[in-house]
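So you can see what is in the structure, the chains are spelled out below.
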Amino acid sequence: MSTPPTILVLPNSSKHLPGDVMEELTGAQLIAESLKTQNVEYMFGIVGVPIIEVAMAAQAAGIKYVGMRNEQAACYAASAVGYLTGRPGACLVVSGPGLIHALGGMANANMNCWPVIVIGGSSDRNQETAGAFQEFPQVEACRLYSKFSVRPSSLEVIPSVVEKAVRTSMYGRPGACYIDIAGDMVNAKVDRSQIRVVSCCPDPPVSLADHGAVAEAVSVLKTAKRPLVIIGKGAAYSRAETALRELVETSGLPFLPTPMGKGVLPDDHPHCVAAARSRALLQADVILLLGARLNWILHFGLPPRFDPNVKIIQVDLCAEEMGNNVRPAVALLGDINAVVTQLLQGICKDGWKYGSGTEWWSLLRNKIAANAKISKTLALQSTVPMNYYTVFHHVSQLLPHDCIIISEGANTMDIGRTMLNNYLPRHRQARCTTAAFTGAPTCPVRLDAGTFGTMGVGLGFAIAAATLERSNGEKGRRIVCVEGDSAFGFSGMEVETMCRYNLPVVIIVVNNNGIYSGVDPETWREMAKMGDLTSIAPPVTLLPEARYDEVMAAFGGKGYLVRTVEELRSALELSLTDWQRPSLLNVLIDPSSDRKQQEFPWLTRSNL
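Note that the structure is predicted; figures quoted are calculated from it, not measured.

Cut-offs and rules
Residues numbered from 1 in each chain as written. Predicted model: local features only at pLDDT ≥ 70, side-chain atom pairs only at ≥ 80, totals over all residues. Heavy atoms only, no water. Pairing = 2+ DSSP bridges. Helix = DSSP H or I, 4+ residues; strand = E, 2+ residues; numbered from the N terminus. Axes fitted to C-alpha atoms, helices over the stretch in contact; angles between N-to-C directions. Contact = heavy atoms within 4.5 Å. Salt bridge = Lys/Arg side-chain N within 4 Å of Asp/Glu carboxyl O. Buried < 20%, exposed > 50% of the residue type's maximum accessible area, 1.4 Å probe, protein only. UniProt positions renumbered as here; feature names shortened; annotations may be inferred. Polar contact = N/O pair within 3.5 Å; in protein donor to acceptor, adjacent residues only side chain to side chain. Left-handed = near helix turned anticlockwise from the far one by under 90°. Nonpolar A, V, L, I, M, F, W, Y, C, P; charged D, E, K, R; others polar.

### Observations regarding the sheet that holds strand 22 (residues 558–562)
Ordered by their spatial adjacency, six strands build an open sheet running 17-16-18-19-23-22, and the pairing between neighbours is parallel. Since the sheet does not close on itself, it has two edges, and those belong to strand 17 (446–448) and strand 22, each with one partner. Taken pair by pair, the neighbouring strands of this sheet meet at an average axis angle of 15 degrees, ignoring direction. Each of strand 16 (404–408), strand 17, strand 18 (479–484) and strand 19 (506–511) is contacted by helix 16 (residues 458–470), which is oriented at about 175 degrees to strand 18, the strand it contacts most.

### A short note on the pattern of salt bridges
Enumeration according to the criterion identifies 24 salt bridges in this entry. A salt bridge links Glu 469 to Arg 477, with the nearest nitrogen and oxygen atoms 3.0 Å apart. Arg 477 carries the same exposure label as Glu 469, and that label is buried. Between Arg 525 and Glu 522 there is a salt bridge whose closest N-O contact spans 3.0 Å.

### Section: the UniProt feature "domain: Thiamine pyrophosphate enzyme N-terminal TPP-binding" (unreviewed entry) in the protein
In the numbering adopted here, UniProt assigns the feature "domain: Thiamine pyrophosphate enzyme N-terminal TPP-binding" (unreviewed entry) to residues 26–139. As a span, residues 26–139 carries 46% helix and 18% strand, and end to end its C-alpha atoms are 22 Å apart.

### What to know about the side chain of Asp 578
Here Asp 578 shows up in the loop between helix 22 (565–577) and strand 23 (583–588). Within the structure, the side chain of Asp 578 is placed 2.8 Å from the side chain of Arg 581, a separation counted as a polar contact. Once you skip the residues sitting within four places of it in the chain, Asp 578 turns out to touch Arg 478 and Pro 504.

### Re the packing of helix 3 (residues 71–85) against helix 4 (residues 97–112)
Taken N-terminus to C-terminus, the directions of helix 3 and helix 4 make an angle of 35 degrees; their axes are 7 Å apart at the nearest point. For the element pair helix 3 and helix 4, the recorded crossing hand is right-handed. Residues Glu 71, Gln 72, Cys 75, Tyr 76 and Ser 79 of helix 3 pack against Gly 98, His 101, Ala 102, Gly 104, Gly 105, Met 106, Asn 108 and Ala 109 of helix 4. A breakdown of the residues in the contact of helix 3 with helix 4 according to their chemical character gives five nonpolar, seven polar and one charged.

Here it is in structure tokens:
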């Protein structure tokens, strides 16, 4: 007897047609293809039951997979891809503890407004509530840390769910989205004909501010005696550097970048007043706030850090952000780049320009010069061990102008952001569209702990940036990760990831033997003689002169122990010429080294 023909049920049809060949897809393949369709090009994660096949399917679909050593770092890396490219990266994690570890990365992405997709395996559907392996209410848990949290009800809806997650992560205020995949769905199969085709979602629509509000904002700016432009990371994400440069240079206004607004315009631009930050914030009477929030980083926009009568022109793409902590004199809702262009058109109408010889400019320039003199004095000290300013002075002289700087730590990050300048905006290309993302990333040149003040992000961010830089087939820009010794400890094992993928990241650990401050080896030995260190050692102390350089060397990278200026310059020069492997400079500094005394310190306990 002959074999009966294959019968296939076509969508939207109740008829069975003989001779049709069924093409079956597993859930893992469907997830991977759906991500690829949405131009998700990078996946970071740690595999295990039940999601190993998802990572393999992702690679087969053309997605680059980077295996990490901790889910938090994997999520940090995936979210950094979202910020750097405008299209979310994916983070793949196992059920239960794996997903819980990734929650820190999701929270950080949400607070920073960076798009990321987290995909978590979970227990089989027929084992729910039965005490399954690593069973946990993952969808419910992720709702607190994401914009969108869902468990697909069937294989057929996976493409639609992935499209919505990607779209939601990018549209409006960007953030994290979570997709829960039941273990039994990973290898389950469905015929391709049963899957509704879902096309790639386009980039977010660009919105303009109300024309009347723009005219009012221009009018307020023109009446200002002490104006200031604050450039936030929203301006970096919006790729607003070209319009912003024209606005600043046409209007003559001074500008101040927030920590991750650095690099939108170069730090050595004559209108940059970052070196007079506290004075500029305190005495400005009109502030144009571009993609920055009046949160703790900007002292909530309130006295005593701000003039109580300051007029805020707030530009943001999120309506709910308007008037948060301070009611704006003018609220401009829209895309930062588009709104800056509108403001520029309004300013150019009558040729208005804020004078460079005003009393305000004179005050700011005098303060910049005074602060620069203090920093230079500290930087040129030749004592051993070195201080922060000496280290950063020499590092800044050697770093390429187009390098991407990642920074985290307490004093390390705070002092580093004032001394490690960003000279160039991103090498701008068209933003990722429905065509697959290729070539070098369109990225800012500085990443740090961000709005959430998260420590441990540095190495994940560096891995993401190095992976993207490699995507253009050339060497790309240098990735330099400046870490405090405490911050490095949160994700230090990711140096193995760098070595495994031959990512030539240069890590500089500024090692003061502690959190904020530590003690020298002799003091540590004396404390150990006094009894149990858990009762004696100050909580901020770490092991003096820990050999972080040997951790890097253990995995095949290059480690350098640095005590002097000469050793620092030699090690950094060698590291910057080595494109074959990552390097780590363990820079030992004075454990009591601190930032210079500030007139208005930006980060104190009273500000938190």
